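Here's the letter readout for the chains.
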Amino acid sequence: RYQPTWGSLDARPLPAWFDEAKFGVFIHWGVFSVPSFGSEWFWWYWQKEKREPYVKFMDINYPPGFSYEDFGPLFTAEFFDANQWADILKASGAKYVVLTSKHHEGFTLWGSKYSWNWNAVDVGPKRDLVAELATSIRNKTDLHFGLYHSLFEWFNPLFLEDATNAFKTRKFPTSKSLPELYEIVTKYQPEIIWSDGDGNAPDTYWNSTGFLAWLYNDSPVRDTVVTNDRWGAGSICTHGGFYTCSDRYNPGHLLPRKWENCMTIDRRSWGYRRDARLRDYLAIEDLVKQLAETVSCGGNLLMNIGPTHDGRIAVVFEERLRQVGAWLKVNGEAIYGTRPWRAQNDTVTPGVWYTLSPKEGKVNAIFLNWPVSGILELSEPRAKLGETQVKLAGYKELLKWVALGEKGMVIALPQLTPQQLPCQWGWTLQLTDVY
């Protein structure tokens, strides 16, 4: 049994499915999706920091005295179709999904008995959005279902009182945060608990180790659940299950512990923004590059979308997800279930990232730029005449190659028209019997 100490909890082996999965989709949805302006931190930027664009936006568009709570009934979700979301998520090639069950605004997407009149069953949609998505994901896909949960809440009076007392009192975690965590685990049995928002309070204030010991020992998901590293001030990148270290974390080299790169398709926000421009969205080429870099360095990629207040996945997000899925249909063997190879990227040719498929003993070289010459030079693999074989994923014939002395090889790519290419944005060479 795990003890409620970091020494004991950190020693728990990460359930194998998480490392095998490699790719998940993050969904930031909540009352912030109503103003859908600037950022999901709308309430904080408007009321606390009083940033000019946010204050101006409210002055021009809403009556005097309009409060953030007044956005609650406008969070309507009338177009939310959990089965449709499940179909899009399945088509993306993702192996897990993480939904914001509650962000820093404190509004819960399920009918929490600890969030009276500030939840999706009492206010707005009048529906249990967490339950609907969990059911559809489990009925229609093989994705693992996960939930994000914010420990703190910006303007909760109990949290503010504890903060004033330098966290010597613990009214907020005992009456709100912890009961919610136990509630979502027992009710929805998520296989990921993605914690966030420590409010600058230590893990002892949150009783994170006590909760995690229960989660790993006695909860209904004790054998399969994975957790991240955001369990109190100072725990990030130090304690917990897999490490996130920071938002959009992409170290570019191998780390000793399993990690995840959580990032957004909209470069500037996690929630939906009506004021976004096309240039704010990462292109599919950017996303394939992030996926290849992240997986080759031993990480998972958690790619975020923000649905609208009425429950739609905007067409631009749907297109990106389906594009990643199309790419993975061809190149998935270089991603799913792989391990980092002895080299992560090529030292001679930029934009080449390596992974290892341990079962087949194949080295995968994902290259992001198709060379004009039709010749690709790889400095890392050691090839053997008569043994090494080179294949292009999605293309039938074997490719011709020449070894470069002790180490390295030159590969002749097939001459293909754009229509004949197996995919359009990044390709995989499968190398067997290289060292």
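Criteria and cut-off values
- Residues numbered from 1 in each chain as written.
- Predicted model: local features only at pLDDT ≥ 70, side-chain atom pairs only at ≥ 80, totals over all residues.
- Heavy atoms only, no water.
- UniProt positions renumbered as here; feature names shortened; annotations may be inferred.
- Pairing = 2+ DSSP bridges.
- Helix = DSSP H or I, 4+ residues; strand = E, 2+ residues; numbered from the N terminus.
- Contact = heavy atoms within 4.5 Å.
- Axes fitted to C-alpha atoms, helices over the stretch in contact; angles between N-to-C directions.
- Salt bridge = Lys/Arg side-chain N within 4 Å of Asp/Glu carboxyl O.
- Buried < 20%, exposed > 50% of the residue type's maximum accessible area, 1.4 Å probe, protein only.

- Looking at an unreviewed UniProt entry, one finds the chain named alpha-L-fucosidase, with Pycnonotus jocosus as its source organism.
- What UniProt states about the chain under its Subunit (unreviewed entry) heading is, verbatim, "Homotetramer."
- Looking at the chain in UniProt, the text filed under Function (unreviewed entry) is "Alpha-L-fucosidase is responsible for hydrolyzing the alpha-1,6-linked fucose joined to the reducing-end N-acetylglucosamine of the carbohydrate moieties of glycoproteins."

## Considering the sheet that holds strand β5 (residues 226-227)
In step 1: Read across the sheet, seven strands follow the order β5-β4-β3-β2-β1-β7-β6 without closing on themselves; strand pairing throughout is parallel. The sheet is open, and its two edges are formed by β5 and β6 (259-264), each paired on a single side.
In step 2: As paired elements, strand β1 (residues 23-27) and strand β2 (residues 96-102) share four bridges and run parallel to each other. Bridge pairing links V25 to V97 in β2.
In step 3: With respect to the sheet, helix α6 (residues 129-140) is in contact with β1, β2 and β3 (144-150), its orientation differing from that of β3 by roughly 155 degrees.

## Considerations on the sheet that holds strand β14 (residues 427-432)
In step 1: A sheet is described by the order of its strands in space; here four strands give the open sequence β8-β9-β14-β11, paired in antiparallel fashion. At either margin of the open sheet sits one strand with a lone partner, and together these are β8 (352-357) and β11 (389-392). This sheet shows a mean twist of 25 degrees between the axes of neighbouring strands, independent of strand direction.
In step 2: Sheet analysis places β8 next to strand β9 (residues 362-367), joined by six bridges and oriented antiparallel. What sits directly across from Y354, in β9, is A365.
In step 3: In the packing of helix α11 (residues 284-296) onto the sheet, the strands contacted are β8 and β9, and the crossing angle to β8 comes to about 50 degrees.

## Considerations on the pattern of salt bridges
Any two side chains of opposite charge can pair, so long as their charged atoms come close to each other.
In step 1: Counting across every chain of the model gives 26 salt bridges.
In step 2: A salt bridge links E380 to K407, with the shortest nitrogen-to-oxygen separation between them at 3.1 Å. With E380 in the loop between β10 (375-378) and β11 and K407 in the loop between β12 (400-403) and β13 (409-412), this residue pair connects regions lying 27 residues apart in the sequence.
In step 3: Looking at K407, the relative accessible area reads 34%, which means it is partly exposed.
In step 4: Linked by salt bridges that have partners in common, D19, E20, K22, K258 and R339 make up one network.

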